[in-house]
Amino acid sequence: MAEIEIYPGVEPLAQAVAEKIVSLASAAIMMRGKFSIALSGGKTPPPLYRLLATGPFLKRIDWKHVHVFWSDERCVPPDHPDSNYRMARETLLDRVPLPSGNIYRMRGELKPSAAATDYEQTLRLFFDQQITFDLHLLGIGTDGHTASLYPGTTALKEEKRWVVANYVEKLNTWRITMSPLALNAAASVIFMVSGQNKAEALREILEGSGNPLQFPAKLIQPQTALWMIDEQAASLLSSQPPGSRRS
Ligand code: 6PG
């Protein structure tokens, strides 16, 4: 069952997700000497990323043992306005003492298939063939996509590879994305969702019986998926969704 935490707005939501990341990072570093996190792009994460780079949180994470990956990337160079890497660099990575060797960028400037192969090799090297991220930080689109796993796209059915090039017809563009296999290979997954425009998709994902291929976030079912959402995004959920608590 999905665990759901509902917050009164974007700010308290970002604070709560930042606290969760601090505790997951501390535990992973204590137990295994490193913390591997795959970031998402889009407009939801920046308030969180900026918060992690500020005083109280900045000091509570042992950044030299943090390893940063991406769940997906647009097929653009790293300095392009649409680049998920660029957004994370500007809001977080340039502001924390993270060694540059701990940043594993999807190379969106390459041919899509080459970028996917390149990143798969990066992951297989880092995880020594047994992929298990400590944390995937994911969002959802209004159409129920997550990472760049869009409804009706071929990546949804990938059963072997961890990273694929995925043509997204509705956007008329290629994306590089981790497959459901890789996104489910995580000790923890946090879905961070805010805004009224996500309410319908969230209701379908958490309470609907629709086809996961039409709402791909349903394909991500790791043992500990935590939905951290604001009240607007939660507005269409049944009054007390099972496994939920309001903060
Ligand atoms: C991306 C993200 C994507 C994002 C959703 C939600 O590359 O855009 O990885 O999966 O999480 O599209 O985006 P917003 O946060 O902008 O609503």
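The structure displayed is predicted, hence computed values, not measured ones.

Undergrad: Tell me about the layout of surface pockets, and please be specific about residues and values.
TA: Quantified by volume, the largest pocket comes out at close to 700 Å³. Taken together, 31 residues line the largest pocket, and the ones lying closest to its centre are Gly41, Gly42, Lys43, Arg74 and His145. Elements with a contribution of two residues or more to the lining of the largest pocket: β4 (72-74) and α4 (84-91). Counting residues per element, the lining of the largest pocket draws most heavily on α4, which supplies four residues. Empty space within the second largest pocket amounts to approximately 230 Å³. Lining the second largest pocket are 15 residues, and of these Ala28, Arg32, Ser36, Thr132 and Asp134 lie nearest its centre. A per-element tally of the lining of the second largest pocket places helix α1 (residues 10-32) first, with five residues.

Undergrad: For the pattern of salt bridges, give the residues involved together with the corresponding values.
TA: Enumeration according to the criterion identifies 14 salt bridges in this entry. The partner of Glu158 in a salt bridge is Arg161, and the shortest N-O contact between them spans 3.1 Å. A relative accessible area of 15% places Glu158 in the buried class. You can call Arg161 partly exposed: its relative accessible area is 44%. Across the pair Arg203 and Glu200 runs a salt bridge, and its minimum N-O distance is 2.9 Å. Of this pair, Arg203 and Glu200 are both found in helix α7 (residues 199-207), three residues apart, which corresponds to roughly one turn of the helix. Accessibility expressed as a relative area gives 26% for Arg203, which makes it partly exposed. Each of Arg105, Arg107, Glu109 and Asp118 takes part in a single network of salt bridges with overlapping partners.

Undergrad: Give a description of empty space enclosed by the protein that names residues and reports values.
TA: Considering all chains together, one arrives at two cavities of 30 Å³ or more under this definition. Of the voids in this model, the largest cavity is the one considered here, and its volume is about 80 Å³. What lines the largest cavity is simply Ile21, Ala25, Phe35, Ile37, Leu39, Leu52, Ile61, Trp63, Val66, Val68 and Leu92. Elements with a minimum of two residues in the lining of the largest cavity: α1, β2 (35-39) and β3 (66-70). In this structure, the second largest cavity occupies an estimated 30 Å³ of space. Residue lining of the second largest cavity: Ser40, Thr44, Pro45, Leu137, Leu138, Gly139 and Met192, and that is the complete set. Each residue belonging to the lining of the second largest cavity can be placed in one class, and the counts come to four nonpolar, three polar and no charged.

Conventions adopted
- Residues numbered from 1 in each chain as written.
- Predicted model: local features only at pLDDT ≥ 70, side-chain atom pairs only at ≥ 80, totals over all residues.
- Heavy atoms only, no water.
- 1 Å grid on protein atoms, 1.4 Å probe; cavity = no way out; pocket = protein on both sides within 12 Å on 5 of 7 lines; lining within 4 Å.
- Points joined across faces, edges and corners; volume = space filled by probe spheres on them.
- Helix = DSSP H or I, 4+ residues; strand = E, 2+ residues; numbered from the N terminus.
- Salt bridge = Lys/Arg side-chain N within 4 Å of Asp/Glu carboxyl O.
- Buried < 20%, exposed > 50% of the residue type's maximum accessible area, 1.4 Å probe, protein only.
- Nonpolar A, V, L, I, M, F, W, Y, C, P; charged D, E, K, R; others polar.

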